[in-house]
Amino acid sequence: MDQLKIRQQSRHKPRHKISYQVGYNVWGQKKVKQFYRRKWSKVRRGHVMVPKFSNKRSLKHLFGERLRSKQVLRKMYGKLTEAQFQTTFDQSEFGYSKSNQSFKGLLDRRFDAFIYRIGFAKTIFKARQDVLHGSFKINGKVIRSPSYIINVGDFVSPNENVWKSIYTSFNNRLKLRIERNKLSRSSNKSNLQDSSIKLPVPLPRYVEFDFRTLTAMVIENPHQNDIPYRSKINLKLVREFYK
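None of these values were measured; they are calculated from a predicted model.

1. Considering the overall build of the chain
- When helices and strands are counted, the chain shows 10 helices and 5 strands.
- For the chain, buried positions account for 42% of its 243 residues.
- Partitioning the contacts of the chain with sequence separation of at least 6, the portion at a separation of at least 24 is 57%.
- About 15,300 Å² of surface is accessible on the chain, with carbon and sulfur atoms providing 50% of the total.

Structural data, given as structure tokens:
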């Protein structure tokens, strides 16, 4: 029971601390711009701490760069525990299982990350909360485990009690994205059409989505280049950390 309390408390630790450590906005939220203390000035300006590798650089600094890269990727997916993150790493092509599944693909096919990726939730933490409350179904069955890995051919849909609210939220976010696209089109004077925007968030290649039923299906295993990140993630440093 004590270990369970420790795990629950680790989820509620400061979220923006990692942004200050690496020097840029990891979560991509506007809340960081409201931090006016002197130590947050580099984060607000979008400063990125670039590691300087040289023969004179000590192994202690190199270990610190690897550790920060691993921490950024781990916390981007809802502040995973170290055991969960390392288990996923061992199951990927970088681990000892000799698997052909990409590391980023396994992380992105977690249930809570998939809900966030297709736009059912605005943040990864909201997606995790909705999954724990039983708001979504996989293949018609309610799953309450955020760490559940979605396989190829599985389809995800909202539960009946939240379907209407998610549909309304989808419409509002879609209208907002179309308006932003019109503003950017008028400023850039490009010939983009609004009909190309059908979802509030851009979907990756490995997902097919039906807007009428709000159902998403995984059609193939995602590759490393199919998953976009807002922040700069160096997978090479993450791999070197565990090797």
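2. Here we look at the pattern of salt bridges
- In this structure the tally under the stated criterion is 9 salt bridges.
- When the shortest N-O distance is used, the salt bridge between Glu82 and Arg74 registers 3.8 Å.
- Among the salt bridges present, the one from Arg117 reaches Asp108, with a minimum N-O distance of 2.7 Å.
- By relative accessible area, which is 1% here, Asp108 ends up buried.
- Put simply, Lys70, Arg74 and Glu82 are held in one network by salt bridges that share partners.

3. Digging into the nonpolar core
- Grouped together as the largest cluster of nonpolar side chains are 46 residues, with contacts concentrated most on Leu73, Tyr77, Phe103, Phe111, Phe114, Ile115 and Phe120.
- Filtering out sequence-adjacent residues up to four positions away, Phe111 remains in contact with Val131, Phe136, Ile138, Ile143, Ser145, Pro146, Tyr148, Ile150 and Val156.

4. Details of the side chain of Ser157
- Structurally, the position occupied by Ser157 is in strand β3 (residues 155-158).
- Residues contacting Ser157, with those up to four places away along its chain left out, are Phe136, Lys137, Leu214 and Thr215.

5. A closer look at the pairing of β3
- With 3 bridges connecting them, strand β1 (residues 136-138) and β3 associate as antiparallel partners. The residue bridging Lys137 from the neighbouring strand is Ser157, located in β3.
- Examined bridge by bridge, β3 and strand β5 (residues 215-218) share 2 bridges and lie antiparallel to one another. Opposite Val156, over in β5, you have Ala216 as the bridge partner.

6. Comments concerning unusual backbone geometry
- Unlike most non-glycine residues, Lys79 shows phi in positive territory, near 55°.
- Position of Lys79 relative to the elements: it lies in the loop between α4 (59-76) and α5 (82-91).
- Phi angles above zero are rare outside glycine, and Leu214 is one such case at about 55°.
- Along the chain, Leu214 turns up in the loop between β4 (207-210) and β5.
- A residue is classified by how much of its surface remains accessible, and Leu214, at 0% relative accessible area, is buried.

So, how was this worked out
Residues numbered from 1 in each chain as written. Predicted model: local features only at pLDDT ≥ 70, side-chain atom pairs only at ≥ 80, totals over all residues. Heavy atoms only, no water. Helix = DSSP H or I, 4+ residues; strand = E, 2+ residues; numbered from the N terminus. Buried < 20%, exposed > 50% of the residue type's maximum accessible area, 1.4 Å probe, protein only. Contact = heavy atoms within 4.5 Å. Areas by Shrake-Rupley, 256 points an atom, 1.4 Å probe, with all protein chains shown as cover. Salt bridge = Lys/Arg side-chain N within 4 Å of Asp/Glu carboxyl O. Core = buried A, V, L, I, M, F, W, Y, C linked by side-chain atoms within 4.5 Å. Pairing = 2+ DSSP bridges.

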